[in-house]
Number of protein chains: 2
Amino acid sequence: MTLLDFDSERLSEFAAQVRADYDELKARNLKLNLTRGKPSSEQLDLADELLELPGRDDHLDADGADVRNYGNLKGIRDIRQIWAELLGLDVEHVLAGDSSSLNIMFDLISWSYAFGNNDSERPWKDEGTVKWICPVPGYDRHFTLTGQFGFEMVTVPMLEDGPDLDAVRELVKDPQVKGMWAVPVFANPTGITFSEEVARGLAGMETAAPDFRIVWDNAYVVHTLTNEFPPVHNVIRFAEEAGHPNRFWYMSSTSKITHAGSGVSFFASSKANLDWYLSIAGVRGIGPNKVNQLAHAKYFGDAEGVRAVMRKHAGVLAPKFNRVLEILDSRLGGYEVASWTRPEGGYFISLDVIDGTASRVVELAKEAGIALTGAGSSFPHKDDPNNRNIRLAPTLPPVDELEVAMDGVATCVLLAAVEKLGA
Amino acid sequence: MTLLDFDSERLSEFAAQVRADYDELKARNLKLNLTRGKPSSEQLDLADELLELPGRDDHLDADGADVRNYGNLKGIRDIRQIWAELLGLDVEHVLAGDSSSLNIMFDLISWSYAFGNNDSERPWKDEGTVKWICPVPGYDRHFTLTGQFGFEMVTVPMLEDGPDLDAVRELVKDPQVKGMWAVPVFANPTGITFSEEVARGLAGMETAAPDFRIVWDNAYVVHTLTNEFPPVHNVIRFAEEAGHPNRFWYMSSTSKITHAGSGVSFFASSKANLDWYLSIAGVRGIGPNKVNQLAHAKYFGDAEGVRAVMRKHAGVLAPKFNRVLEILDSRLGGYEVASWTRPEGGYFISLDVIDGTASRVVELAKEAGIALTGAGSSFPHKDDPNNRNIRLAPTLPPVDELEVAMDGVATCVLLAAVEKLGA
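For clarity, every value in this text was computed on a predicted model and none was experimentally measured. (Residues numbered from 1 in each chain as written. Chains lettered and ligands numbered in written order. Predicted model: local features only at pLDDT ≥ 70, side-chain atom pairs only at ≥ 80, totals over all residues. Heavy atoms only, no water.)

Caption draft 1: Representation of the side chain of T190 of chain B within the structure. Note on placement: T190 of chain B falls in the loop between β6 (177-182) and α7 (196-204). Among the polar contacts listed, one links the side chain of T190 of chain B to the backbone nitrogen of I192 of chain B, at a separation of 3.3 Å. (Helix = DSSP H or I, 4+ residues; strand = E, 2+ residues; numbered from the N terminus. Polar contact = N/O pair within 3.5 Å; in protein donor to acceptor, adjacent residues only side chain to side chain.)

Caption draft 2: Structural context of the packing of helix α11 (residues 303-332) of chain B against helix α13 (residues 399-420) of chain B. Residue and element names in this part refer to chain B. Where α11 contacts α13, the axes come no closer than 9 Å and their chain directions differ by 30 degrees. Comparing the axis directions of α11 and α13 gives the class roughly parallel. Of the two elements, α11 crosses α13, and the hand of that crossing is right-handed. Two secondary-structure elements touch here, α11 through K320, R323, V324, I327, L328, R331 and L332 and α13 through V399, L402, E403, M406, D407, A410, T411, V413 and L414. Broken down by class, the residue content of the contact of α11 with α13 amounts to 10 nonpolar, one polar and five charged. (Axes fitted to C-alpha atoms, helices over the stretch in contact; angles between N-to-C directions. Parallel < 35°, antiparallel > 145°, perpendicular 65-115°, else oblique. Left-handed = near helix turned anticlockwise from the far one by under 90°. Contact = heavy atoms within 4.5 Å. Nonpolar A, V, L, I, M, F, W, Y, C, P; charged D, E, K, R; others polar.)

Caption draft 3: Structural detail: the relation of the copies chain A and chain B. The two copies are related by a screw motion: chain A maps onto chain B through a turn of 180 degrees and a shift of 0.0 Å along the axis, at an RMSD of 0.0 Å. The two molecules are tied by a two-fold rotation axis, judged by turn and shift. Closest approach to the rotation axis among the C-alpha atoms of chain A is made by E52 of chain A, whose C-alpha sits 1.9 Å away. In this assembly, 100% of the residues forming the interface of chain A have copies in chain B that are likewise at the interface, indicating an isologous arrangement. (Least-squares fit on C-alpha atoms with pLDDT ≥ 70 in both.)

Caption draft 4: Representation of the sheet that holds strand β10 (residues 338-340) of chain A in the model. All names here are of chain A. The three strands are arranged β10-β11-β13 in an open sheet whose pairing can be described as antiparallel. One side of each edge strand has no neighbouring strand; the edge strands of this open sheet are β10 and β13 (389-392). Along the sheet, successive strands turn relative to each other by an average axial angle of 25 degrees, direction set aside. (Pairing = 2+ DSSP bridges.)

Caption draft 5: Spotlight on the domain arrangement of chain A. Residue and element names in this part refer to chain A. Segmentation of chain A into domains returns domain 1 (3-43 + 307-420) and domain 2 (59-301). For domain 1 versus domain 2, the distance between C-alpha centres works out to 31 Å. Facing the 27 residues of domain 1 at the interface are 27 residues of domain 2. Three residues stand out in domain 1 for area buried against domain 2, namely R307, M310 and P380, and they jointly supply 23% of the buried area on that side. In this assembly, domain 1 and domain 2 are joined by one salt bridge. Counting only elements with at least two residues in the side of domain 1 that touches domain 2, the list comes to α11 (303-332), β11 (349-353) and β13. Split into classes, the residues belonging to the side of domain 1 that touches domain 2 amount to 13 nonpolar, 10 polar and four charged. (Domains from an automatic or database assignment. Buried area = accessible area lost by both parts, 1.4 Å probe. Salt bridge = Lys/Arg side-chain N within 4 Å of Asp/Glu carboxyl O.)

Caption draft 6: Region of interest: the side chain of R80 of chain B. Tracing the backbone shows R80 of chain B in helix α3 (residues 77-87). Those residues in contact with R80 of chain B, other than ones at most four positions away along the chain, are K74, G75, V91, E92, V94, L95 and A96 of chain B.

Caption draft 7: Region of interest: the pattern of salt bridges. Residue and element names in this part refer to chain B. In the structure shown here, the tally under the stated rule is 61 salt bridges over all chains. Note that R77 and D63 form a salt bridge whose closest N and O atoms lie 3.4 Å from each other. In this pair, R77 sits in helix α3 while D63 sits in the loop between α2 (41-45) and α3, placing the two residues 14 residues apart along the sequence. For R77, a relative accessible area of 29% translates into the label partly exposed. (Buried < 20%, exposed > 50% of the residue type's maximum accessible area, 1.4 Å probe, protein only.)

Caption draft 8: Region of interest: the sheet that holds strand β7 (residues 213-217) of chain A. Residues and elements named next belong to chain A. The strand order β2-β9-β8-β7-β6-β3-β4-β5 describes an open sheet built from eight strands, whose pairing is mixed. At either end of the open sheet lies a strand with only one pairing partner, and these are β2 (94-97) and β5 (162-163). Here four bridges tie strand β6 (residues 177-182) to β7, and the two strands are oriented parallel to one another. By the bridge assignment for β7, G179 is matched with R213. The strands that helix α4 (residues 101-115) touches are β3 (131-136), β6, β7, β8 (248-253) and β9 (265-268); relative to β8, the one it contacts most, it runs at about 155 degrees.

Caption draft 9: Just the packing of aromatic side chains, in detail. This structure, assessed with the given rule, holds 43 aromatic pairs over all chains. Ring geometry for W132 of chain A and F151 of chain A: centres 5.7 Å apart, planes at 25 degrees, overall stacked. Here W132 of chain A, found in strand β3, pairs with F151 of chain A, found in the loop between α5 (140-148) and β4 (152-159); they are 19 residues apart in sequence, far enough to count as distant. Since its relative accessible area comes to 0%, W132 of chain A is described here as buried. Put simply, the rings of F106, Y113, W124, W132, F149, F151 and W181 of chain A together with W111, F115, F267 and Y277 of chain B touch in pairs and so form one group of aromatic residues. The ring of F238 of chain A carries R200 of chain A above its face, with NZ or CZ at 3.8 Å from the centroid. Just above the ring of Y347 of chain B sits the side chain of K256 of chain B; from NZ or CZ to the centre is 4.9 Å. (Phe/Tyr/Trp six-rings, centres within 6.5 Å; stacked < 30°, edge-to-face > 60°. Lys NZ or Arg CZ within 6 Å of the ring centre and 35° of its normal.)

Caption draft 10: Region of interest: the interface of chain A and chain B. The interface of chain A with chain B comprises 56 residues on the first partner and 56 residues on the second. For the pair chain A and chain B, the summed buried area comes to about 4,900 Å², and 52% of that belongs to carbon and sulfur atoms. Run the count over chain A and chain B and you get eight salt bridges. Residue R284 of chain A is joined to D107 of chain B by a salt bridge in which the shortest nitrogen-to-oxygen separation is 2.7 Å. Taken together, the links from chain A to chain B amount to 19 residue pairs in polar contact (both at pLDDT 80 or more). Counting residues per element, the ones that place at least two in the side of chain A that touches chain B are α2 (41-45), α4, α5, α9 (271-284) and α10 (290-300) of chain A.

Caption draft 11: Region of the structure containing the pairing of β3 of chain A. All names here are of chain A. In terms of residue burial, β3 counts as a mostly covered element, since six of its six residues are buried. Judged by which residues are buried, β3 turns out to be covered on both faces: K131, I133 and P135 on one side and W132, C134 and V136 on the other are all buried. Pairing geometry for β3 and β4, over six bridges, is parallel. Counterpart to W132 in the pairing with β4 is M153. Crossover connection from β3 via α5 to parallel β4: handedness right-handed. (Right-handed = clockwise from strand over helix to strand, strands pointing away.)

Here it is as structure tokens:
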């Protein structure tokens, strides 16, 4: 029997109990935080070998160049080779950069805006309107980036196997639609992984804009919560085969694999796209931190070494995700006041509450000392039209804190629901 | 008696000898390179301790934050404090970034172009024309950067104590003049250090553009070739006192102090300028590589630790610079066919040959297997109006190679001169 089926007397009793629970929760004066998609200390410890790498006597890369000196905008082959193997890509299509692939995404868009990219008829700044396809819910930092440049963000729903392809195909008939965000594996925040059919569909569709690009942000490609790794699709080849070789700006990084913020990023694309990128990257700077790249190559050894590290992460993270799901199941199961994802990888659980109550849940939690990511954060301009979605980040807190916080969140979801039902 | 005073017979004899010298030079089939402003292996070895730092058990910064995790756009206090002391600046005015300050310069200009800076009436892209003051000769990468954005580069001559202030003051009456390049200490390529008077003049002058900025690229602030360090001027305070607090974007870095390309960059400015920068830097990314910053802080210890490292570099570099000067003196002295700088710091010697012959000297050297930086490289669009200037980079080659190369260059200078004199 769901909460919606309760008669008024039972609903009143239930509401009284939930309010008592909430008062008790507040009385505990908690100070807990479920907002941060950050690795825990236990995870960071896994990569502490890196703090003394590459080591004093090792400063030559696979091509014999001294990583301590200037040069090599592409990054060293040692780490590019490992990532190419991991992603099933041709090493010649893979560049290695500094710590954050977000930086590269920003630059690609910024330079398309100022100068136009290699397929542009004019700089995007001179386009009047630039539109960008945003599957929702999605990654807040993506939306902030396209918002910074004033792009009009048009949303498409995420389905079980990726973004709604029909909706995307319709949108790209507009020549002002210049690009699209995509997190193809264990997507932030839903955990959804795109099917090969969707990947091929995106590679193959015709677009009105010749300089249309999909930012293929494969941030969680190996971030499994099980012992299984999802298949990797060589979308660069898919696009080439479909006659759109420059379709994808493919991103990846060691973030949440080694140390967050001090890792290596990767940018893979067609030769024409890479040449264009390098022509401006070479004006912006001299090249990436190759010492850090060599350290990472030594730490991993090979692609299987990366997977071995990720299995250790899964060992730390799976119990946390499982506890969150157990608490959601036991506290909210059956009432039909919420639904949530059961991700097999990535960093988040996406919680949908009764329409119109997400911001109230976040507010109630805040008053009880539990910080949740702002309602709407997974939508452009932080505007969730249904006011329904909350992104939960279970990775950072220790399990005991996580249990207390999630139990509190469940109470807040129920209280917002009974308020909504007028009880 | 100078070459110009030779009578025709003596000139013919001299020319014959120079041609014989040149033929002999070519016959040696050299393959030498004087183009690269790169540190030598011997210099890089000085910082090899960094290859195993910060070390396995050290991952907290001075504020107790874990450098292995996300966060802190400003960079860690540990390294910001050292650089603030070294530059005589307030630590609150100093940010620490990733390896290259050129990246930050690019971003500052790129974001002013796309969005306008904190004092702009409109984005620079909407200005019609943007003009930029370029003291010449100067740093090629600076000019390439402003060239990338299509800025009109207006040159001012470098005098003994910095750029010609009167010329600068005249130019900034034009509201389209939005900025200026400056390398205030041991300038690339002349080695000139700005006087305090020039620094205060630049800080104090009135400019028509409210969003005018001077990129104060203090790349060589501690790069002495002696045991003396030049005085540092707190131009941020000078500007504040003069009522133009946002005048300077002050840059510095560990490049050519530790390992080139894997160091730490610094951006110092007024609070308003830093806030503006951080508001967009926080969209572009999560923050700098703090592990590397901690490694550098540990390696240096304090500001005096930086100076101690630089004395070791001077020990390696001074003999190279001295040999170049000795060869120039002995081979070219007295003929009045060339003049050259005698820098007390920095990475270059600036050689002026007879007007109209610089490109010929470079060509002759190339034919003899000696790569020189292209003539005109130290001017916007690589256009030296007098075709006179050649930038020599003595740091990378071993002394024996350097001697052979410089002796060859001297021969080429003499040959170009006698050709010019019709002999």
